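Observations on chain architecture
One letter stands for each residue in the lines below.
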Amino acid sequence: MSKEVEQLLKNLHLRRMLSIYEEQLRAAEKEDVSYSEFVARLLRAQWHARQEGALEWRIRRANLPERWSIETFPFPRQPGVNRKQIRTFAELEFIGKAENIVLMGPTGVGKTGLACGILLKALENGYRCQFIRAQDLFDEMYASLADRSTRQLLKRLARLDVLLIDEFGYLNLKPEQSNIFFKLMEERYHRHATILTTNLDYEEWHNFLGAKAMVEALLSRVRHYCHTVRIQGPSLRDPQG
């Protein structure tokens, strides 16, 4: 590689092309490929590298805790999950339709793993997504009251293509937190998809969200365009062997 070509690739931040240039040049000479095919090979590799980098950036920004995927989920160990249904969710039609997914079940049955697997599919397809644990979400909501940033918080969360709220129902809330959450779900209603994992059935939501009238209004929005998945099966955290 000439010094000029090397410097140009560096200046243009074409790191992947720089790293494979010599290898591809030798391959092109050996295979007697055309100039256009040689350039296409370099550009193709650079494109894939940028796509991978963009995906990594989206995953980090989404705060995805683990790289759980639908392909690696242990369906044989969890008979309480309908594999076909989950794979249908992974086709992501629910995002375009602004439908919600609520995964219900006891601790350890795979709710978070499935939710993260679906979210990962969405990230791979370029959607704006975020994972957040319910405790952290409600803490942020309460903190936003102190510095009057609630409107900015709601705006940021409301515009996400997919918002995954994990472990919904493991906490006690103040009325202010419940009110902000209601506003969030109202703004996302039939505009963007939300995924919730919870150990509580709908009838129990008023136990931690408070006012029955508000909870009924919330549930009418959450459940209107919604897929509810109740998982009754063994814990995947039980010791194996």
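Structure: see above.
Here's a quick rundown of the structure.

Before going further, it helps to spend a moment on empty space enclosed by the protein. Tallied over the entire structure, the rule returns 1 cavity of 30 Å³ or more. Volume-wise, the largest cavity comes out at about 70 Å³. Looking at the lining of the largest cavity, the elements with two or more residues in it are α9 (175-188) and α11 (212-224). In terms of residue class, the lining of the largest cavity is made up of 5 nonpolar, 4 polar and 2 charged.

For the coordinates displayed, the defined rule picks out 11 salt bridges. One salt bridge in this structure joins Glu6 and Lys10, with 3.3 Å as the shortest N-O distance. In this pair, Glu6 and Lys10 both sit in helix α1 (residues 3-11), 4 residues apart, roughly one turn of the helix. Across the salt bridge formed by Lys121 and Glu71, the nearest N and O atoms sit 2.8 Å from each other. Here Lys121 is found in helix α6 (residues 111-124), whereas its partner Glu71 is found in the loop between α3 (35-61) and α4 (83-89), with 50 residues between them in sequence. Of the residues examined, Glu71 reaches a relative accessible area of 55% and is grouped as exposed. Beyond isolated ion pairs, a larger network of salt bridges with shared partners links Glu31, Glu37 and Arg41.

With 34 residues, the main nonpolar core has Leu64, Phe94, Leu114 and Ile195 as its most contacted residues. Looking at this core, the elements with two or more residues in it are α3, α4, α5 (93-96), β1 (100-104), α6, β2 (129-133), β3 (162-168) and β4 (193-198). Filtering out sequence-adjacent residues up to four positions away, Ile195 remains in contact with Phe94, Ile101, Leu103, Ala115, Ile118, Val162, Leu163, Leu164 and Ile165. Counting residues in each nonpolar core, the second largest holds 33 residues, with Val102, Phe138, Leu153 and Val222 among its members.

With that settled, consider the packing of aromatic side chains. The full count for this structure, using the stated rule, is 9 aromatic pairs. When the ring of Tyr189 is compared with that of Tyr225, the centres are 6.1 Å apart and the planes differ by 45 degrees; the resulting orientation is tilted. Placement of Tyr189 in the loop between α9 and β4 and of Tyr225 in the loop between α11 and β5 (226-230) is noted, with a sequence separation of 36 residues between them. Looking at Tyr189, the relative accessible area reads 27%, which means it is partly exposed. Look at Tyr202 and Trp205: their rings are 5.3 Å apart centre to centre, the planes differ by 55 degrees, and that puts the pair in the tilted class. Of the two residues, Tyr202 and Trp205, both sit in the buried class. Aromatic ring contacts, followed pair by pair, group Phe138, Phe168, Phe181, Tyr202, Trp205 and Phe208 into a single cluster.

What follows covers the pairing of β2. Counting buried positions over the 5 residues of β2 gives 4, a clear majority of the element. Both β2 and β3 contribute to a ladder of 5 bridges, which runs parallel. Along β3, the bridge assignment pairs Phe131 with Leu164.

For α3, built from 27 residues, the straight-helix expectation of 39 Å at 1.5 Å per residue is met to within 8% by its first-to-last C-alpha distance of 39 Å. Of all the residues in α3, the buried ones are Phe38, Arg41, Leu42, Ala45, Gln46, Leu55 and Ile59. The inward-facing, buried residues of α3 abut α2 (15-31) and α6. Downstream of α3 by a residue or two, Asn63 has a phi angle that is positive, lying close to 60 degrees.

Before going further, it helps to examine α11. Counted at 1.5 Å a residue, the expected span for α11 with its 13 residues is 18 Å, and the 18 Å between its end C-alpha atoms agrees. When α11 is considered as a whole, its buried residues turn out to be Met214, Val215, Leu218, Leu219 and Val222. Projection of α11 onto a plane perpendicular to its axis shows the buried side chains occupying an angular sector of 130 degrees, all on one side. Along its buried surface, α11 packs onto β1, α9, β4, α10 (206-209) and β5.

Turning next to the environment of Tyr202. With respect to the helices and strands, Tyr202 occurs in the loop between β4 and α10. On a C-alpha basis, the gap between Tyr202 and Glu124 in space is 31 Å, while along the polypeptide they are 78 residues apart. Setting aside residues up to four positions removed in sequence, Tyr202 forms contacts with Val102, Met104, Leu219, Arg223, Cys226, Thr228 and Arg230.

Quick notes on the rules
- Residues numbered from 1 in each chain as written.
- Predicted model: local features only at pLDDT ≥ 70, side-chain atom pairs only at ≥ 80, totals over all residues.
- Heavy atoms only, no water.
- 1 Å grid on protein atoms, 1.4 Å probe; cavity = no way out; pocket = protein on both sides within 12 Å on 5 of 7 lines; lining within 4 Å.
- Points joined across faces, edges and corners; volume = space filled by probe spheres on them.
- Helix = DSSP H or I, 4+ residues; strand = E, 2+ residues; numbered from the N terminus.
- Nonpolar A, V, L, I, M, F, W, Y, C, P; charged D, E, K, R; others polar.
- Salt bridge = Lys/Arg side-chain N within 4 Å of Asp/Glu carboxyl O.
- Buried < 20%, exposed > 50% of the residue type's maximum accessible area, 1.4 Å probe, protein only.
- Core = buried A, V, L, I, M, F, W, Y, C linked by side-chain atoms within 4.5 Å.
- Contact = heavy atoms within 4.5 Å.
- Phe/Tyr/Trp six-rings, centres within 6.5 Å; stacked < 30°, edge-to-face > 60°.
- Pairing = 2+ DSSP bridges.
- Expected span 1.5 Å × (residues − 1).
- Arc of directions from axis to C-beta.

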